[in-house]
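A look at the structure
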Amino acid sequence: MSAAPKGNGARAARTRGPVHVIGAGLLGASVGLGLRERGIDVTLEDLSPTTVALAADYGAGRVRTAADPAPAIVIVATPPDVAADAVERALTSFPSAVVTDVTSVKLAPLLELTRRGVDLTNYVGSHPMAGRERGGAIMARADLFVARPWVICRDEATPAEALTLVEGVALDLGGVLIEMTPEEHDRSVGLVSHLPQVVSSLLAARLVPATEQAIGLAGGGLRDTTRIAASDPELWMQILGANREPVVELLDAFGADIAAFADALRDPAQTGAKRRIADLLAAGNRGVGRIPGKHGSSERFTTITVLIDDTPGQLGLLLTELGELGINMEDLRLEHSPGAQIGFAEIAVLPEVAERAITDLVERGWRTL
Ligand SMILES: NC(=O)C1=CN([C@@H]2O[C@H](COP(=O)(O)OP(=O)(O)OC[C@H]3O[C@@H](n4cnc5c(N)ncnc54)[C@H](O)[C@@H]3O)[C@@H](O)[C@H]2O)C=CC1
Ligand SMILES: O=C(O)C(=O)Cc1ccc(O)cc1
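Report follows, based on the coordinates. Every value quoted in this text rests on a predicted model; they were computed, and no experiment measured them. (Residues numbered from 1 in each chain as written. Chains lettered and ligands numbered in written order. Predicted model: local features only at pLDDT ≥ 70, side-chain atom pairs only at ≥ 80, totals over all residues.)

This paragraph deals with the nonpolar core. Membership of the largest hydrophobic core comes to 60 residues, with the highest contact counts inside it found for V21, A55, A60, I75, V76, V87 and V99. A60 has contacts with A24, A29, G32, L33, R36, V42, L44, A55, A137 and A140, leaving out every residue within four places of it along the chain. Counting residues in each nonpolar core, the second largest holds eleven residues, with I304, L318, I327 and A345 among its members. (Core = buried A, V, L, I, M, F, W, Y, C linked by C-beta atoms within 7 Å. Buried ≥ 20, exposed ≤ 12 C-beta atoms within 10 Å, placed from the backbone. Contact = placed C-beta atoms within 7 Å.)

Have a look at this one:
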């Protein structure tokens, strides 16, 4: 658990409670923590009494009792395979409330609710594109949604007041609103979230039989491409199962790319093989250039790498000296060299100050890469 950054509370909250959260794990408790920081009354419910008590202990809200007034808004944050059940139950139990859910897939729960004939006037599906590898209330953070996209799936029948309530919660939590149809949403997350999860997991699975010696050589490249392989297999089985059509299509296309790449590499002497390899690698450059940075895709940063002794105080000293030099640090990442008392501080700065930053740091005795 961690506190929200200062400043999110400067603007008056849009949301009027009580807000009721069903499913007090990572997403539910993070919603609760963020809203509580804005002073909004939050009640919690979970299948697990221990989880709900834990989330309440952390300050994500209070456990709902029969004496509580009806909520104005209900947020369903259960696993995907019970999301439709929980939404239906919420709409029935709290007929005056607007109900949203944060499920990672949007079409399957909607189709299931429609198939059951549930009146969906008060339901607006949504999905914050923010998460962590590990679930559970213990991993929750009030600032999880800050500056992250929050997809809202409304349709022409959605009442304006219902939309305003759901958007208000997303904005109060620092999210950036994006409107999409459930189909657009599922195809988009298939590409930017679900395919990467499968690729990362399969890549990391290749490491299982590797020797200790080979693993010992691992660096940033492997870490970057396998971070999300640490995600919860049960949750991902549900997400992938609920979005299987777009994901299978993407996997087939990706498999064809891999096969084409391997064919070209197998016989690089054949005419055009080198060009095919270069074209695929260059397309990767263009693709990665399209991923939005924290200031949007148009402004990207230059990373400078500074070697630091892996001893207390060194990083603090580096940051102080950067401040003295008037260099604004946009992002920071730390890497440790296995087996050596040395670390690498990767500092993102504006491209126009990168050269000066390196010169000035070297002048002060720092080693850069
Ligand atoms: N983990 C992530 O990175 C993200 C997850 N999501 C979505 O958020 C939802 C929740 O995911 P997490 O918070 O990661 O999972 P989690 O496992 O941390 O929390 C889910 C909670 O729901 C509870 N629960 C299960 N069935 C329930 C029921 N019928 N009624 C009440 N509570 C019930 C569980 O006991 C658990 O505490 C999922 O639908 C997921 O697709 C959305 C964005 C990111
Ligand atoms: O790690 C990341 O890149 C994420 O953003 C995690 C994530 C996982 C599942 C979601 O439905 C949304 C976001």
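Remark: helix α3 (residues 83–93) packs on helix α4 (residues 107–115), axes separated minimally by 9 Å, with the N-to-C direction vectors making an angle of 50°. Compared by their axis directions, α3 and α4 come out oblique. The way α3 lies across α4 gives a crossing that is right-handed. Facing α3, whose interface residues are A83, A84, V87 and E88, α4 presents P109, E112 and L113. Its residues placed into classes, the contact of α3 with α4 shows five nonpolar, no polar and two charged. (Axes fitted to C-alpha atoms, helices over the stretch in contact; angles between N-to-C directions. Helix = DSSP H or I, 4+ residues; strand = E, 2+ residues; numbered from the N terminus. Parallel < 35°, antiparallel > 145°, perpendicular 65-115°, else oblique. Left-handed = near helix turned anticlockwise from the far one by under 90°. Nonpolar A, V, L, I, M, F, W, Y, C, P; charged D, E, K, R; others polar.)

This part covers the environment of S48. Among the secondary structure elements, S48 is positioned in the loop between β2 (42–45) and α2 (49–58). Classification of S48 by C-beta neighbours within 10 Å gives partly exposed; the count is 14. Residues S48 and G23 lie 25 residues apart in sequence; the distance between their C-alpha atoms is 8.7 Å.

This part covers the site of ligand 2. Around ligand 2 sit S104, M129, A130, G131, S193 and I228, and those are all the residues in its vicinity. Partitioning the shell around ligand 2 into residue classes produces three nonpolar, three polar and no charged. (Near = placed C-beta within 6 Å.)

Shape descriptors only; they carry no functional weight alone.
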